[in-house]
Amino acid sequence: MKKTALLIIISVLLISCSKNEKKLELKDINIFAFSIGEGWELNATASINGFQQTEEDDKYKAKISYYVNLITPAGDTLPEIDYGVIDKEGTEEILMANLEVQVELDSSFSTGKYKMLFYINDDLSNSTADAEKSFEITPD
């Protein structure tokens, strides 16, 4: 009985002291489009959490690659309408990175319901995440 109680206490201590695994995720996605005369300007933002970072010489560093696909109201997929790398560096632990997308769509894009697909890769841990958000382009 004493051995079982001791094993339970040790197990609880090990579990409670273990490092929490961070999960890479996109949150707080906002998308809006507005007319620029002969087309649309599309803007999107998202917060990225749960990425790995390195600490060297009192500096924290993170690196996240991303690309974004757009699905039109007709169901066509436009691959990689935007892509890039987010390099973050700071003197304190980095809790969040911001993803910002700005794309111009020409007059061939009509009003209707669109979907934006976000794909991110934490280049340090090689973990990936994705998210999607629907939005509508409406006439002025």
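Thresholds, definitions, all that
Residues numbered from 1 in each chain as written. Predicted model: local features only at pLDDT ≥ 70, side-chain atom pairs only at ≥ 80, totals over all residues. Heavy atoms only, no water. Helix = DSSP H or I, 4+ residues; strand = E, 2+ residues; numbered from the N terminus. Buried < 20%, exposed > 50% of the residue type's maximum accessible area, 1.4 Å probe, protein only. Contact = heavy atoms within 4.5 Å. Areas by Shrake-Rupley, 256 points an atom, 1.4 Å probe, with all protein chains shown as cover. Pairing = 2+ DSSP bridges. Axes fitted to C-alpha atoms, helices over the stretch in contact; angles between N-to-C directions. Polar contact = N/O pair within 3.5 Å; in protein donor to acceptor, adjacent residues only side chain to side chain. Core = buried A, V, L, I, M, F, W, Y, C linked by side-chain atoms within 4.5 Å. Phe/Tyr/Trp six-rings, centres within 6.5 Å; stacked < 30°, edge-to-face > 60°.

**Student:** Please set out the overall build of the protein residue by residue, giving values where relevant.
**Tutor:** What the protein contains, in helices and strands, is one helix and eight strands. Scanning the protein from its N terminus toward the C terminus, one meets helices and strands in the order α-β-β-β-β-β-β-β-β. For the protein, the proportion of its 140 residues judged to be buried stands at 33%. Partitioning the intrachain contacts of the protein with sequence separation of at least 6 by distance along the chain shows that 60% fall at a separation of at least 24. Accessible surface, the protein: about 9500 Å² in total, of which carbon and sulfur atoms supply 49%.

**Student:** Would you mind going over the sheet that holds strand β2 (residues 39–49) in detail, with residue names and values included?
**Tutor:** Strands sit in the order β1-β2-β6 across an open sheet of three strands; the sheet is antiparallel. Each edge of the open sheet is held by one strand with a lone partner, namely β1 (25–35) and β6 (97–106). Sheet twist, expressed as the average angle between the axes of neighbouring strands with direction ignored, equals 15°.

**Student:** Before we move on, can you summarise the side chain of Q53 with the specific residues and values?
**Tutor:** With respect to the helices, strands and loops of the structure, Q53 is situated in the loop between β2 and β3 (54–56). Engagement of the side chain of Q53 in a polar contact is seen with the backbone oxygen of I94, the distance being 2.8 Å. In this view, Q53 contacts K22, Y60, K61, A62, E93, I94 and L124; residues no more than four positions away in its chain are not counted.

**Student:** I'd like a description of the pairing of β6, backed by residues and values.
**Tutor:** Judged by which residues are buried, β6 turns out to be one-sided: A97, L99, V101, V103 and L105 face inward and are buried, whereas N98, E100, Q102, E104 and D106, on the alternate face, are not. Pairing analysis gives 10 bridges linking β2 to β6, with the strands arranged antiparallel. Paired with W40 across the two strands is L105, which belongs to β6.

**Student:** Any chance you could break down the nonpolar core for me, citing the residues and the numbers?
**Tutor:** In this structure, I48 and F118 are the most contacted members of the largest nonpolar core, which totals 32 residues. Counting residues per element, the ones that place at least two in this core are β1, β2, β4 (59–71), β6, β7 (112–122) and β8 (128–137). Tallying contributions element by element places β4 first for this core, with six residues. Those residues within four positions of I48 in sequence are excluded, and the remaining contacts are L24, E25, L26, I64, I86, L95, M96, A97, L99 and I120.

**Student:** Please give an account of the environment of T138 that cites residues and values.
**Tutor:** Here T138 lies in the segment after β8. The class for T138 is partly exposed, based on a relative accessible area of 44%. Considering only alpha carbons, one finds T138 and T111, 27 residues apart in sequence, at a separation of 5.2 Å.

**Student:** Explain the packing of aromatic side chains to me, and be specific about the residues and the numbers.
**Tutor:** Following the criterion strictly, the structure yields three aromatic pairs and no others. Note on Y67 and Y119: the rings are 4.8 Å apart at their centroids and 20° apart in plane angle, and the pair reads as stacked. Pair noted here: Y67 is in strand β4 and Y119 is in strand β7, with a separation of 52 residues, a long-range link. Where Y114 meets F135, the ring centres are 5.7 Å apart and the plane angle is 20°; that geometry is what we call stacked. Taken together, the residues span a long stretch of sequence, with Y114 in strand β7 and F135 in strand β8 at a distance of 21 residues. This pair shows no difference in class: Y114 is buried, exactly as F135 is.

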